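Single-letter residue listing:
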Amino acid sequence: MMVCEYKPGLEGIPAAQSSISYVDGQKGILEYRGIRIEELAEKSTFLETAYLLIWGELPSKEELEAFEHEVRYHRRIKYRIRDMMKCFPESGHPMDALQASAAALGLFYSLRDLHNPAYIRDSVVRLIATIPTMVAAFQLMRKGNDPVRPRDDLDYSANFLYMLNEQEPDPLAARIFDICLILHVEHTMNASTFSARVTASTLTDPYAVVASAVGTLGGPLHGGANEEVIQMLEDIGSVDNVRPYIQDCLERKAKIMGFGHRVYKVKDPRATILQKLVEQLFEKFGHDKFYDIAQEMERVVEEKLASKGIYPNVDFYSGLVYRKMGIPTDLFTPIFAIARVAGWLAHWKEQLAENRIFRPTQIYNGRHEIPYAPIEQR
Ligand code: SDX
């Protein structure tokens with residue numbers, strides 16, 4: 001057997017062959033099934049992009065309508081899931097609530113028929129349709145309110161914002177939110193997708209696959225960074241404080257949230273699109289001083305860290321969009337999960353098509369042949 005060099009974080013090691021998405025980290029290019037992200041953000045919708053990722057081709061008009069219809073009519077969650085969520089502590093993080101609720105779906109759909117395309121489609125529809133309802137339901141219930149029933153007359157993103165805020169969203173806000181979902185839906189072999197594929201490779205059910213990926217996404221080095229960015233902008237408080245804040249981070253060797261990426265060595269193309277969305281939102285709904293702070297941060301970080309290839313990533317500007325929409329900070333990562341679930345499911349399907357269980361090796365650096373010491377001699 002070939003012995004490979006150990007790479008912490010498996011940097012640069014291929015973990016799968018995949019035709020779902022492609023990143024060129026030197027040129028700042030991201031494609032889903034070969035289509036540039038900029039084009040999808042301009043012309044597609046989240047559900048159409050989800051279809052593209054999962055089934056490999058853009059849907060025909062009829063295929064898209066059928067998929068939208070199925071998702072629309074599976075948005076309700078079972079009352080027993082809702083009642084279970086009611087028992088969650090309101091101080092708990094919504095990502096933990098989402099992970100538990102996604103896993104609980106597996107209790108209701110325990111049949112596993114992984115080679116049946118109808119089973120795959122039903123699972124995909126159920127997860128894409130109900131995850132937003134779960135996020136919105138937890139948000140309302142932790143405030144002591146009843147969850148709002150999904151509205152069949154509203155599109156995917158408009159319905160989520162309606163369930164969250166109990167009022168119909170502005171059409172521009174709903175469209176911008178939908179574009180945010182497109183930008184977050186998929187990103188090659190990131191940590192949560194890797195987690196999803198490892199779980200999928202054991203041939204468990206898709207609810208366990210998604211629950212494990214949600215758990216992985218929540219950490220501050222991954223999807224959880226969007227929440228930390230807003231905290232950081234609040235702590236900085238003014239444009240004048242940006243330079244000393246960054247200087248202090250660099251001296252302490254602390255990571256600046258929303259910056260840096262394992263693959264991109266230039267600005268993340270999603271950050272560029274998100275920044276334009278921030279500007280569109282502010283033009284219509286009023287400016288936010290946090291944007292000035294963010295722009296100054298980008299300037300100072302570039303000045304200090306461009307030589308290391310550290311630029312804004314997807315998590316840097318997304319929080320400013322959600323904040324302007326009045327969404328609580330701790331829902332930013334669950335919103336990332338609402339989008340990413342379609343990417344995880346595309347990888348689930350791809351993994352199943354040519355499955356072999358993940359079982360890497362390790363380099364043992366412990367001791368051998370140690371005699372057992374009786375407790376009184378320790
Ligand atoms: C996402 O993988 C994906 O595709 C993820 C994602 C997706 O769509 O799925 O794009 C979503 O997770 C975005 C990333 C969100 N995380 C953050 O914003 C947290 C802050 N960023 C970093 O911690 C870091 O950049 C990572 C975690 C994103 C990448 O980590 P790596 O590849 O392991 O890089 P590293 O920590 O080993 O850093 C390499 C060098 C170090 O300097 P040296 O020791 O070599 O001198 O770059 C420096 C680091 O100190 N560095 C930073 C930095 N990120 C890297 N320095 C200051 N601030 C930072 N943010």
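Residues numbered from 1 in each chain as written. Predicted model: local features only at pLDDT ≥ 70, side-chain atom pairs only at ≥ 80, totals over all residues. Heavy atoms only, no water.

Taking an unreviewed UniProt entry as the reference, the chain is identified by name as Citrate synthase belonging to Komarekiella delphini-convector SJRDD-AB1. The Catalytic activity (unreviewed entry) comment attached to the chain in UniProt states, word for word, "oxaloacetate + acetyl-CoA + H2O = citrate + CoA + H(+)". (UniProt positions renumbered as here; feature names shortened; annotations may be inferred.)

Colleague: Residue-level account of the overall build of the chain, with values.
Modeller: For the chain, the count of helices and strands is 16 helices and three strands. At 22 Å, the chain has a C-alpha radius of gyration in line with the 21 Å of a compact globule built from 378 residues. If one aligns the C-alpha atoms of the chain with their principal axes, the spans along those axes are about 70 × 60 × 50 Å. Considering only contacts in the chain between residues 6 or more positions apart, those separated by 24 or more positions represent 77%. Element-wise, carbon and sulfur atoms account for 51% of the exposed surface of the chain, whose accessible area totals about 18,800 Å². Taken together, the 44 basic and 51 acidic charged side chains of the chain have centroids lying 3 Å from each other. (Helix = DSSP H or I, 4+ residues; strand = E, 2+ residues; numbered from the N terminus. Rg over C-alpha atoms; globule rule 2.2 N^0.38 Å. Contact = heavy atoms within 4.5 Å. Areas by Shrake-Rupley, 256 points an atom, 1.4 Å probe, with all protein chains shown as cover. Lys, Arg positive; Asp, Glu negative; His and termini not counted. Charge placed at Lys NZ, Arg CZ, Asp CG, Glu CD.)

Colleague: Any chance you could break down the environment of Ile363 for me, citing the residues and the numbers?
Modeller: Mapped onto the secondary structure, Ile363 falls in the segment after helix 16 (332-353). The class of Ile363 is exposed, set by a relative accessible area of 59%. (Buried < 20%, exposed > 50% of the residue type's maximum accessible area, 1.4 Å probe, protein only.)

Colleague: Tell me about the site of the ligand, and please be specific about residues and values.
Modeller: Of all residues adjacent to the ligand, which total 23 residues, the nearest are His187, Phe259, Arg262, Arg270 and Arg340. Note that an oxygen atom of the ligand is positioned 2.8 Å from one of the backbone N or O atoms of Gly258. Within the backbone of Phe259, an N or O atom sits 2.8 Å from a nitrogen atom of the ligand. Protein chains shield 72% of the accessible area of the ligand, which is 1,100 Å² for the free molecule. Contributions of two or more residues to the shell around the ligand are made by helix 15 (314-324) and helix 16. Tallied by class, residues from the shell around the ligand come to 10 nonpolar, seven polar and six charged. (Near = heavy atom within 4 Å. Polar contact = N/O pair within 3.5 Å; in protein donor to acceptor, adjacent residues only side chain to side chain. Nonpolar A, V, L, I, M, F, W, Y, C, P; charged D, E, K, R; others polar.)

Colleague: Give a description of the UniProt feature "active site" (unreviewed entry) in the chain that names residues and reports values.
Modeller: As annotated in UniProt, the feature "active site" (unreviewed entry) corresponds to His261 and Asp315 in the numbering used here. What stands out for the annotated residues spanning 55 residues is how close their C-alpha atoms remain, the widest pair being 10.5 Å apart. Mapping His261 onto the fold places it in the loop between helix 12 (242-252) and helix 13 (269-285). Given a relative accessible area of 24%, His261 falls into the partly exposed group. Look past the residues within four positions of His261 in its chain and what remains in contact with it is His187, Asp268, Arg270 and Asn313. Looking at His261, its side chain comes within polar contact range of the main-chain nitrogen of Tyr264, at 3.3 Å. On the secondary structure map, Asp315 appears in helix 15.

Colleague: Give a description of the pattern of salt bridges that names residues and reports values.
Modeller: Under the definition given, this model contains 21 salt bridges. Its salt-bridge partner being Asp155, residue Arg72 comes within 3.2 Å of it at the nearest N-O pair. Within this pair, whereas Arg72 is found in helix 3 (residues 61-72), its partner Asp155 is found in the loop between helix 6 (117-142) and helix 7 (156-165), the two being separated by 83 residues in sequence. Given a relative accessible area of 16%, Arg72 falls into the buried group. In this structure, Glu298 and Lys267 form a salt bridge, with 2.9 Å as the shortest nitrogen-oxygen distance. Here Glu298 is found in helix 14 (residues 289-305), whereas its partner Lys267 is found in the loop between helix 12 and helix 13, with 31 residues between them in sequence. Put simply, Arg82, Asp83 and Lys86 are held in one network by salt bridges that share partners. (Salt bridge = Lys/Arg side-chain N within 4 Å of Asp/Glu carboxyl O.)

Colleague: So what about the domain arrangement of the chain? Which residues, and what values?
Modeller: Per the domain assignment, the segments of the chain are domain 1 (17-219 + 342-353) and domain 2 (225-324). Across the contact, 22 residues belong to domain 1 and 21 residues belong to domain 2. Regarding the contact of domain 1 and domain 2, the summed buried area is about 1,800 Å², with carbon and sulfur atoms giving 71% of it. Of all residues in domain 1, Ile176, Leu183 and His184 give up the largest surface area on contact with domain 2, accounting jointly for 28% of the area buried on that side. Joining domain 1 to domain 2, the criterion identifies one salt bridge. The partner of Lys284 in a salt bridge is Asp170, and the shortest N-O contact between them spans 3.0 Å. (Domains from an automatic or database assignment. Buried area = accessible area lost by both parts, 1.4 Å probe.)

Colleague: Tell me about helix 16, residues and numbers included.
Modeller: Taking 1.5 Å as the rise per residue, helix 16 with 22 residues should run 32 Å; its terminal C-alpha atoms sit 32 Å apart, in good agreement. At Arg340, helix 16 shows its maximal kink, close to 40°. For helix 16, the buried fraction is high: 20 of the 22 residues fall into the buried class. (Expected span 1.5 Å × (residues − 1). Bend = angle between axes of the 7 residues up to and from the residue.)

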